[in-house]
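What follows is the residue order along each chain.
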Amino acid sequence: MSSIHFYLITLFPEYFSSALACGQLKKAQEKGLLHFTFINPRDYALDKHKSVDDKPYGGGAGMVMLVETLDKALQTVPSGAKKILLSPQGKLFNQKNAFNLSKQREIVLVCGRYEGIDNRLVKLHSLETLSIGDYVLNGGEVAALAVIEAVSRLLPGFMSKEASFQEESFNNFLLEYPHYTRPEEYKGLKVPEVLLSGHHQKIAKWRREKSLEITLKNRPELLFQSSLNSEDRAFLQEINEPCLGKNLYLTLLHHPVLDKFKKVSTTSLTNLDIHDIGRILRTYGLGGYYLVTPLKDQQELAKRLLAHWTTGPSSKLNKDRARALSGVRVASSLQEVVKKIQAKTGKRPVLVATSAREGDTPLVKMRELLRESPVLLILGTGHGLTPEVLQESDYILQPIGFGRKYNHLSVRSATAIMVDRILGEFF
Ligand SMILES: C[S@@+](CC[C@H](N)C(=O)[O-])C[C@H]1O[C@@H](n2cnc3c(N)ncnc32)[C@H](O)[C@@H]1O
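Residues numbered from 1 in each chain as written. Predicted model: local features only at pLDDT ≥ 70, side-chain atom pairs only at ≥ 80, totals over all residues. Heavy atoms only, no water.

Undergrad: Describe the overall build of the protein chain, with residues and values.
TA: Within the protein chain one finds 17 helices and 17 strands. Here the C-alpha atoms of the protein chain give a radius of gyration of 30 Å, more than 25% beyond the 22 Å that 2.2 N^0.38 yields for 427 residues. C-alpha extents for the protein chain along the principal axes are approximately 90 × 65 × 40 Å. When the 427 residues of the protein chain are sorted by exposure, 44% land in the buried category. Long-range pairs, those at least 24 residues apart, make up 76% of the contacts in the protein chain with a sequence separation of at least 6. Total accessible area on the protein chain is roughly 23900 Å²; 51% of this is exposed by carbon and sulfur atoms. For the protein chain, the separation between the mean place of its 57 positive charges and that of its 45 negative charges on side chains is 5 Å. (Helix = DSSP H or I, 4+ residues; strand = E, 2+ residues; numbered from the N terminus. Rg over C-alpha atoms; globule rule 2.2 N^0.38 Å. Buried < 20%, exposed > 50% of the residue type's maximum accessible area, 1.4 Å probe, protein only. Contact = heavy atoms within 4.5 Å. Areas by Shrake-Rupley, 256 points an atom, 1.4 Å probe, with all protein chains shown as cover. Lys, Arg positive; Asp, Glu negative; His and termini not counted. Charge placed at Lys NZ, Arg CZ, Asp CG, Glu CD.)

Structure, rendered in structure tokens:
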């Protein structure tokens with residue numbers, strides 16, 4: 001029988017009394033699955049006042065737990081034990097950590113108090129640091145209890161039914177579906193019919209879909225880590241916020257842009273940009289993509305090229321490309337693009353300029369904007385957008401590769417990265 005011995009380094013051993021004396025944690029101790037030892041750093045204090053803390057070097061509010069008393073406390077635990085410091089600066093504790101820890105036989109949990117502990121303890125005892133969430137507690141005891149519960153319930157024999165944790169939230173990075181029990185109706189609210197049908201396949205499908213729906217709504221970032229099949233993906237695409245992608249418009253300016261001497265100039269069309277940004281438009285279901293050039297011959301060229309792929313000889317041979325390019329439009333100025341979007345949606349689009357050199361609007365801000373109104377992402381050619389266009393825009397997006405020594409991406413690559421970071425896979 002596997003068991004775990006927890007060693008708690010805490011100034012408040014009494015904190016754990018009631019939590020460990022009831023429910024399954026109590027039963028697990030009676031069965032011999034769990035053992036607890038409490039070690040109080042105060043018992044190792046060096047002075048007559050039993051001090052365990054002192055003022056921080058470098059100044060600042062609060063007190064810091066002394067390294068020496070904690071070190072002495074830690075010297076009393078078995079040498080092979082896994083040692084963990086609970087700290088808001090630690091890695092976020094999750095179900096995967098809980099599963100890995102459930103394989104350990106001896107776990108030490110160091111509970112900080114005050115402003116935290118003297119950091120030298122981390123190195124001295126090779127402590128792993130874990131946080132239970134992005135908030136600050138008074139001490140590590142609550143966090144330690146959270147770790148104890150999450151780890152213990154994964155021990156074979158802890159739960160009455162082994163299968164129950166297989167389906168719980170966070171297995172495969174999905175949140176669990178909702179549960180119902182008797183009565184069938186309460187204050188006019190009925191239990192979903194499918195759960196009363198006795199049809200196991202339908203129930204399983206309903207539960208899977210609810211699980212996906214709840215995860216998308218409350219923790220969409222988890223979906224990037226879960227293994228999803230094509231049915232799951234199709235369901236997520238169906239229920240997501242389609243308005244987000246539809247509200248995003250792209251425009252590629254060939255004028256006004258800067259040349260390498262920082263003079264305002266006009267660039268020529270690039271076939272690759274037309275195709276590749278058109279394909280981004282279709283993949284993410286965007287509202288539209290406008291090529292901007294004031295030059296009549298360039299406009300004609302763009303139209304001929306688009307017609308070749310959308311209605312001409314290549315349209316039948318490559319239907320996917322025809323679909324991608326059928327969303328591409330040609331305009332003679334940025335103002336004309338703004339007017340066209342306004343006419344189509346009834347709202348002036350929010351103008352978001354892009355640059356490889358400046359801008360401080362985080363990409364996540366775009367999601368907020370897209371929920372409210374159409375947004376026009378302005379992309380430049382040549383040596384980038386002019387200062388006037390940047391100034392007239394409502395926002396300038398943070399450059400891709402910001403802070404790197406080299407971030408000269410092609411506009412089509414930068415666009416793909418931006419759009420994916422803005423909308424992600426499920427938007
Ligand atoms: C008041 S907190 C110290 C906060 C610290 N000054 C900071 O801002 O990161 C005191 C102790 O509570 C524990 N603690 C607080 N929040 C925690 C969290 N979210 N996860 C794990 N432990 C936490 C840690 O042991 C910490 O040393």
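Undergrad: Hey, could you go over the packing of aromatic side chains for me, with residue numbers and the actual values?
TA: Within this structure, the stated rule accounts for three aromatic pairs. Taking the centre distance of 5.5 Å and the plane angle of 10 degrees together, the rings of phenylalanine 6 and phenylalanine 36 count as stacked. Pair noted here: phenylalanine 6 is in strand S1 (residues 4-9) and phenylalanine 36 is in strand S2 (residues 34-39), with a separation of 30 residues, a long-range link. Of the two residues, phenylalanine 6 and phenylalanine 36, neither departs from the other in class, the shared state being buried. An aromatic cluster is defined as three or more aromatic residues linked by ring pairs; in this entry it consists of Tyr15, Phe16 and Phe38. Against the face of tryptophan 309 rests arginine 321, its NZ or CZ located 5.7 Å from the ring centre. (Phe/Tyr/Trp six-rings, centres within 6.5 Å; stacked < 30°, edge-to-face > 60°. Lys NZ or Arg CZ within 6 Å of the ring centre and 35° of its normal.)

Undergrad: Describe the site of the ligand, and please don't skip the residues or the numbers.
TA: Around the ligand, the surrounding shell holds 20 residues, and the nearest of these are Leu86, Gln89, Glu115, Tyr135 and Leu137. One nitrogen or oxygen atom from the main chain of glycine 133 is found 3.1 Å from a nitrogen atom belonging to the ligand. A distance of 3.4 Å is found between an oxygen atom of the ligand and a backbone nitrogen or oxygen belonging to glycine 140. Look at the ligand: alone it shows 590 Å² of surface, and the protein chains cover 86% of it. Mapped by element, the contributors of at least two residues to the shell around the ligand are strand S5 (82-92), strand S7 (128-131) and helix H6 (140-152). (Near = heavy atom within 4 Å. Polar contact = N/O pair within 3.5 Å; in protein donor to acceptor, adjacent residues only side chain to side chain.)

Undergrad: Run through the pattern of salt bridges, naming residues and quoting values.
TA: For the structure shown, the criterion picks out 14 salt bridges. Put simply, glutamate 209 and lysine 205 hold a salt bridge, and the shortest N to O gap is 3.0 Å. Placement of both glutamate 209 and lysine 205 in helix H7 (residues 200-218) is noted, with a separation of four residues, approximately one turn of the helix. We classify lysine 205 as partly exposed; its relative accessible area is 47%. The shortest N-O distance in the salt bridge between lysine 365 and glutamate 368 comes to 3.1 Å. (Salt bridge = Lys/Arg side-chain N within 4 Å of Asp/Glu carboxyl O.)

Undergrad: Break down the domain arrangement of the protein chain for me, citing the residues and quoting the values.
TA: Examined at the domain level, the protein chain breaks down into domain 1 (4-162), domain 2 (185-239) and domain 3 (242-423). Once you take the C-alpha centre of each, domain 2 and domain 3 turn out to be 36 Å apart. (Domains from an automatic or database assignment.)

Undergrad: Tell me what's going on with the nonpolar core, and back it up with residues and numbers.
TA: Within the largest apolar cluster, 35 residues are counted, with the highest numbers of intra-cluster contacts made by Leu248, Met366 and Leu377. Broken down by element, this core gets its largest block of residues, six residues, from helix H17 (residues 411-423). Setting aside its immediate chain neighbours within four residues, methionine 366 contacts Leu248, Val352, Val375, Leu377, Leu397 and Ile422. Leu8, Phe16, Ile107 and Phe158 belong to the second largest nonpolar core, which has 30 residues in total. (Core = buried A, V, L, I, M, F, W, Y, C linked by side-chain atoms within 4.5 Å.)

Undergrad: Can you explain the sheet that holds strand S15 (residues 350-353)? Please cite residues and give values.
TA: What links the strands of a sheet is backbone hydrogen bonding, and the strands pair in either a parallel or an antiparallel sense. An order of S14-S13-S10-S16-S15-S17 is seen for the six strands of this open sheet, with the pairing classed as parallel. Strands at the two margins of the open sheet, each flanked by one partner only, are strand S14 (328-331) and strand S17 (395-396). Note that S15 and S17 share two bridges and pair parallel. Residue pairing in the sheet places alanine 353 in a bridge with isoleucine 396 of S17. Against the sheet, helix H11 (residues 296-310) engages strand S13 (288-292) and S14, with an angle of about 165 degrees to S14. (Pairing = 2+ DSSP bridges. Axes fitted to C-alpha atoms, helices over the stretch in contact; angles between N-to-C directions.)

Undergrad: Tell me what's going on with the pairing of S5, and back it up with residues and numbers.
TA: In this sheet, strand S6 (residues 106-111) lies alongside S5 in parallel orientation, the contact comprising five bridges. The residue of S6 that forms the bridge with lysine 83 is valine 108. The β-α-β motif built from S5, the intervening helix H4 (residues 95-101) and the parallel element S6 has right-handed crossover chirality. Here five bridges tie S5 to S7, and the two strands are oriented parallel to one another. Each bridged residue has a counterpart across the sheet, and for leucine 86 the counterpart in S7 is leucine 130. (Right-handed = clockwise from strand over helix to strand, strands pointing away.)

Undergrad: Describe helix H10 (residues 271-283), and please don't skip the residues or the numbers.
TA: Taking 1.5 Å per residue, 13 residues should reach 18 Å; H10 reaches 19 Å between its end C-alpha atoms and fits that length. Those residues of H10 that sit buried are Asp273, Ile274, His275, Ile277, Gly278, Ile280 and Leu281. Buried positions along H10 lie against strand S10 (248-253), S13, H11, helix H13 (319-325), S14 and H17. One or two positions beyond H10, positive phi appears at glycine 285, with a value near 60 degrees. (Expected span 1.5 Å × (residues − 1).)

Undergrad: Lay out the environment of asparagine 247 in plain terms, naming residues and giving numbers.
TA: Here asparagine 247 lies in the loop between helix H9 (242-246) and S10. Exposure remark for asparagine 247: the relative accessible area of 18% places this residue in the buried category. Distance in space between the C-alpha atoms of asparagine 247 and glutamate 372 is 8.8 Å, their sequence separation being 125 residues.

Undergrad: I'd love a proper account of the sheet that holds S2, names of residues and values included.
TA: Read across the sheet, five strands follow the order S2-S1-S6-S5-S7 without closing on themselves; strand pairing throughout is parallel. In the strand order of this sheet, the two ends are held by S2 and S7, each with one partner. The sheet shows a mean angle of 30 degrees between the axes of neighbouring strands, direction not considered. The sheet contact formed by S1 and S2 spans six bridges and is parallel. When the bridges of S2 are listed, leucine 8 appears paired with phenylalanine 38. Where H6 meets the sheet, it contacts S1, S2, S5 and S6, and its direction lies at approximately 160 degrees from that of S6.

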